[in-house]
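This is what each chain is made of:
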Amino acid sequence: MPDYDVSAPLDTDYYGVFAEVPDADRAFWSRARTFAVETLDELSEAWDKAEYPLHLARRLGKLDLLTDGVVGPGLTPMSPLAAGLVNMEISRGDGSMGTVVAVQGGLALRSIAMFGSDEQKATWLVPLARAEKLGAFALTEPDHGSDSVALETTAHRDGDEWVINGEKKWIGNGSVGDVTVVWARDDDGNVRGFLVDQSLPGYHGETMLGKGSLRAVHQARITLTNVRIPLDAVLPGTHTFKDTAVVLFATRLGVAWSALGHATAVFEAALNYAQQRVQFGKSIAGFQIVQERLTLMLSELTSMQLHCIRLAELDAAGTLRPIQASLAKFHNTRAARSLASLARDMLGGNGILLENHVIRHLADIESIHTYEGTESIQSLLIGRDLTGVSAFH
């Protein structure tokens with residue numbers, strides 16, 4: 001048994017920003033909370049062993065928690081606030097499962113819902129939402145991360161087929177899934193999305209080993225060698241990289257919510273620990289420096305909450321600008337890193353034990369700080385919007 005119980009949710013909400021969450025949204029949140037609490041120990045063990053518990057990913061589907069607010073035939077309506085709360089709560093439990101939501105719903109499901117044909121939607125939306133099938137989103141390449149607009153994977157038309165060649169890297173579900181949305185350049189040089197069955201000859205997804213973050217979900221390095229798919233496997237609504245960017249913009253706010261979940265976990269761990277840990281004959285909660293740090297952490301956490309809830313309101317109203325989501329992602333992942341570092345320090349040596357969870361969150365935050373656009377890229381996007389001058393070179 002752990003020496004301390006630091007994982008109990010405290011529902012920290014100093015400004016009451018979640019006090020008026022509608023019942024329908026709260027129902028999603030409640031299911032996510034139950035999942036996070038019930039699976040915490042199993043996921044911590046899976047993280048330690050670098051194992052991907054696929055049955056838990058499928059359980060998320062059965063709980064109807066994977067759609068990320070995507071709208072489409074057969075999908076349960078989920079408001080932007082509900083989608084955010086699910087992202088937050090699942091990540092408060094474990095970042096690997098938060099990434100499953102981001103990949104399965106935010107990227108793969110969203111790509112098909114936004115750009116797929118009616119037949120593609122009928123085939124894939126509900127099975128992906130229920131995790132009966134697992135999906136991947138293959139954009140990043142070994143030599144193209146932040147500059148993925150320069151991707152080199154090709155889709156050459158050969159009669160009634162497309163022939164796909166190229167490499168992809170860091171692809172969640174890319175070695176254990178069913179379908180991969182592969183972004184490739186057609187014969188005219190346009191970037192389009194293609195639905196590629198992972199069982200096809202020439203598709204090779206190799207699980208990446210040695211990760212120090214998000215260890216309970218598998219990312220893959222994918223090699224596509226003369227993979228042949230039918231002409232109707234292209235997502236007909238995709239024509240340029242701008243379509244890819246639309247999907248990324250739509251999921252960026254989800255990363256801000258995920259960062260909030262991680263930050264909530266580490267703050268509440270620090271607060272729980274401070275109230276249980278005794279040094280120099282008294283609870284460390286009574287020391288001035290501990291109270292100062294907790295206050296600093298609370299101020300950052302509250303700011304993160306305000307970013308998220310305001311942008312969920314804008315999203316629901318249809319007025320959210322992509323650059324606003326960039327600012328939320330920029331602010332929240334930076335703040336989450338800071339809170340995790342403070343929490344780790346406050347727990348002393350206990351802060352590096354997986355049983356206290358803080359070190360796992362600290363490591364996982366490093367991944368969300370990077371994916372969906374690094375801090376540097378978000379800065380350039382925001383800076384361009386502020387000044388009217390592009391610093392991309």
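Residues numbered from 1 in each chain as written. Predicted model: local features only at pLDDT ≥ 70, side-chain atom pairs only at ≥ 80, totals over all residues. Heavy atoms only, no water.

By the naming in an unreviewed UniProt entry, the protein is Acyl-CoA dehydrogenase, taken from Cryobacterium glaciale. Per UniProt, the comment on the protein under Cofactor (unreviewed entry) is "FAD". For the record of the protein, the UniProt heading Sequence similarities (unreviewed entry) holds the text "Belongs to the acyl-CoA dehydrogenase family." (UniProt positions renumbered as here; feature names shortened; annotations may be inferred.)

Notes on the pairing of strand β1 (residues 135–138)
Burial along β1 is two-sided: the face carrying G135 and F137 and the face carrying A136 and A138 are both buried. Both β1 and strand β4 (residues 179–185) contribute to a ladder of 4 bridges, which runs parallel. What sits directly across from A138, in β4, is V182. (Buried < 20%, exposed > 50% of the residue type's maximum accessible area, 1.4 Å probe, protein only. Helix = DSSP H or I, 4+ residues; strand = E, 2+ residues; numbered from the N terminus. Pairing = 2+ DSSP bridges.)

Let's talk about the packing of aromatic side chains
Under the defined criterion, the tally for this structure stands at 6 aromatic pairs. Judged by centre distance (6.3 Å) and plane angle (75 degrees), the ring pair of F280 and F287 falls under edge-to-face. Judged by relative accessible area, which is 79%, F280 ranks as exposed. Of the residues examined, F287 reaches a relative accessible area of 24% and is grouped as partly exposed. Taken together, F18, W29 and W257 form an aromatic cluster joined through their ring pairs. When the ring centre of W47 is taken as reference, the NZ or CZ atom of R215 above it lies at 5.5 Å. (Phe/Tyr/Trp six-rings, centres within 6.5 Å; stacked < 30°, edge-to-face > 60°. Lys NZ or Arg CZ within 6 Å of the ring centre and 35° of its normal.)

Quick word on the pattern of salt bridges
Close approach of charged atoms allows side chains with opposite charge to pair. For the structure shown, the criterion picks out 17 salt bridges. D94 serves as the salt-bridge partner of R360, at 3.1 Å between the closest nitrogen and oxygen. Of this pair, R360 sits in helix α9 (residues 358–370) while D94 sits in the loop between α3 (80–93) and α4 (95–115), and the two are 266 residues apart along the sequence. An identical accessibility class is assigned to R360 and D94; each is buried. Between E161 and R228 there is a salt bridge, and its shortest N-O distance comes to 2.8 Å. You can see E161 sitting in strand β3 (residues 161–172) and its partner R228 sitting in strand β7 (residues 219–230), a full 67 residues away along the chain. Judged by its relative accessible area of 27%, E161 falls in the partly exposed class. R228 gets classed as partly exposed once you look at its relative accessible area, which sits at 39%. (Salt bridge = Lys/Arg side-chain N within 4 Å of Asp/Glu carboxyl O.)

Side note on the UniProt feature "domain: Acyl-CoA dehydrogenase/oxidase C-terminal" (unreviewed entry) in the protein
The positions UniProt marks with the feature "domain: Acyl-CoA dehydrogenase/oxidase C-terminal" (unreviewed entry) are residues 250–386. The annotated region residues 250–386 carries 78% helix and 3% strand content, and the separation between its end C-alpha atoms amounts to 21 Å.

Points about empty space enclosed by the protein
All told, the structure shown has 1 cavity of 30 Å³ or more when counted by the stated rule. Lining the largest cavity, in full, are D68, N87, G98, A102, G106, T251, G254, V255, S258 and Y371. Of all elements in the fold, only α4 and α6 (241–276) reach the threshold of two or more residues within the lining of the largest cavity. Take the lining of the largest cavity: its biggest share by element is 4 residues, from α6. Within the lining of the largest cavity, the residues separate by chemical class into 3 nonpolar, 6 polar and 1 charged. Counting only domains with at least three residues in the lining of the largest cavity, you end up with domain 1 (23–130) and domain 3 (241–387). (1 Å grid on protein atoms, 1.4 Å probe; cavity = no way out; pocket = protein on both sides within 12 Å on 5 of 7 lines; lining within 4 Å. Points joined across faces, edges and corners; volume = space filled by probe spheres on them. Nonpolar A, V, L, I, M, F, W, Y, C, P; charged D, E, K, R; others polar. Domains from an automatic or database assignment.)

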